[in-house]
Amino acid sequence: MTRCVMGDHQFPDEDDTGARCDEHGVTLLWHGPPITPEDFTPEPLAPRATRPTAPAQRALSQHSH
């Protein structure tokens, strides 16, 4: 059971879609699996993909003024 964020008690109404406390007007909705500590562990960043320079930009950068 989940504790009500506004009171020191369990939510009186709770199922697999969420929880509701009519006394405090609080509703929690579940949108997926519970969050775990691993969800907050930063993952190593993937190397940035580089886009090739467009032909027009390449031609302009080679033109001398």
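What counts as what
Residues numbered from 1 in each chain as written. Predicted model: local features only at pLDDT ≥ 70, side-chain atom pairs only at ≥ 80, totals over all residues. Heavy atoms only, no water. pLDDT = per-residue confidence, 0-100. Helix = DSSP H or I, 4+ residues; strand = E, 2+ residues; numbered from the N terminus. Disulfide = S-S within 2.5 Å. Buried < 20%, exposed > 50% of the residue type's maximum accessible area, 1.4 Å probe, protein only. Salt bridge = Lys/Arg side-chain N within 4 Å of Asp/Glu carboxyl O. Pairing = 2+ DSSP bridges. Contact = heavy atoms within 4.5 Å. Polar contact = N/O pair within 3.5 Å; in protein donor to acceptor, adjacent residues only side chain to side chain.

Visitor: What exactly am I supposed to notice about the confidence of the model for the protein chain here?
Guide: Low-confidence regions, as indicated by low pLDDT, have predicted coordinates that should not be scrutinised in detail. Confidence along the protein chain averages 76 in pLDDT terms, with 68% of residues attaining 70 or more. Within the protein chain, strand S2 (residues 18-21) carries the highest mean pLDDT (90), whereas helix H1 (residues 55-62) carries the lowest (59).

Visitor: Which parts of the structure should I look at to understand the state of the cysteines?
Guide: As used in these notes, a disulfide is a covalent bond between sulfur atoms, one from each of two cysteines. Summed over the entire model, instances satisfying the criterion amount to 0 disulfides. The thiol of Cys-4 is unpaired, and the distance to the nearest cysteine sulfur, on Cys-21, comes to 3.9 Å. Exposure remark for Cys-21: the relative accessible area of 1% places this residue in the buried category.

Visitor: What's the story with the pattern of salt bridges in this structure? I'm lost.
Guide: Two side chains of opposite charge can pair, provided their charged atoms sit close to one another. Inspection of every chain in the model, using the stated rule, returns 2 salt bridges. Note that Asp-8 is salt-bridged to Arg-3, the shortest N-O span being 2.5 Å. Residue class for Asp-8 comes out exposed when judged on its relative accessible area of 69%. For Arg-3, a relative accessible area of 42% puts it in the partly exposed group.

Visitor: Is there a simple way to explain the sheet that holds S2 in this structure?
Guide: Picture the strands of a sheet paired through backbone hydrogen bonds; they go either parallel or antiparallel. Spatial strand order, S1-S2-S3: 3 strands in an open sheet with antiparallel pairing. Of all strands in the sheet, those bounded by a partner on one side alone are strand S1 (13-14) and strand S3 (26-29). Judged from the 4 bridges that link them, S2 and S3 form a sheet pairing that is antiparallel. Across the sheet, the residue bridging to Gly-18 is Leu-29, located in S3.

Visitor: Just to check I follow, could you spell out the environment of Gln-10 for this structure?
Guide: On the secondary structure map, Gln-10 appears in the segment before S1. Along the backbone, Gln-10 and Cys-21 are 11 residues apart, and their C-alpha atoms lie at a distance of 8.6 Å. Not counting residues up to four positions away in its chain, the partners in contact with Gln-10 are Met-1, Thr-2, Arg-3 and Cys-4. At 3.5 Å, the side chain of Gln-10 and the backbone nitrogen of Thr-2 are in polar contact.

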